[in-house]
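Inside the fold
Below are the chains, spelled out letter by letter.
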Amino acid sequence: MPISVSEQEGRPVRFTWRGRMYTVRRVVDYWVTLRSDWDPATHEQPPGRVHWRVEAGSDTSRGIYELRHEKPSGQWHVARVRC
């Protein structure tokens, strides 16, 4: 299910998931992957996915969230959660 993400200079700074707003406190990791269904015969550019592992939450409750940004569609998703 797509989530709403506020970005600053291409980095996530806030996101809304399951009706709750999360503030990104720090970026733990960042990487780019290619979608496995990419076929160079039918697509000019490889459809990349940008992954952000972030620490987010409030001052009293934080967790580690892996956010995935689908570059072709512009949609964001929560891929993993560690609380």
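Predicted, not measured: the structure shown is a model, and the values here were computed from it.

Quick notes on unusual backbone geometry
Positive phi, normally seen in glycine, also occurs at E9, with a value near 55 degrees. Among the structural elements, E9 can be located in the loop between β1 (4-8) and β2 (11-17). Judged by relative accessible area, E9 falls into the exposed class, the value being 81%. Phi angles above zero are rare outside glycine, and R18 is one such case at about 55 degrees. With respect to the helices and strands, R18 occurs in the loop between β2 and β3 (20-34). Of the residues examined, R18 reaches a relative accessible area of 73% and is grouped as exposed.

Considerations on the pairing of strand β6 (residues 76-82)
Across 6 bridges, strand β5 (residues 62-70) lies against β6 in antiparallel orientation. Looking across to β6, one finds that E66 is bridged to R80. If you look at the hairpin formed by β5 and β6, you'll find 5 residues sitting between the two strands, and G74 has a positive phi there, around 80 degrees.

Some words on the sheet that holds β6
Taken together, the 6 strands give an open sheet; going across it, the order is β1-β2-β3-β4-β5-β6, and neighbouring strands pair in antiparallel fashion. Either end of the sheet is taken by a strand with one partner, and the two such strands are β1 and β6. Across the sheet, the mean angle from the axis of one strand to that of its neighbour is 30 degrees, orientation sign disregarded. When strand β4 (residues 48-57) meets β5, the two strands line up antiparallel, connected through 9 bridges. In the strand pairing of β5, V50 is matched with H69.

Conventions we followed
- Residues numbered from 1 in each chain as written.
- Predicted model: local features only at pLDDT ≥ 70, side-chain atom pairs only at ≥ 80, totals over all residues.
- Heavy atoms only, no water.
- Helix = DSSP H or I, 4+ residues; strand = E, 2+ residues; numbered from the N terminus.
- Buried < 20%, exposed > 50% of the residue type's maximum accessible area, 1.4 Å probe, protein only.
- Pairing = 2+ DSSP bridges.
- Axes fitted to C-alpha atoms, helices over the stretch in contact; angles between N-to-C directions.

That is the geometry; function is a separate question.
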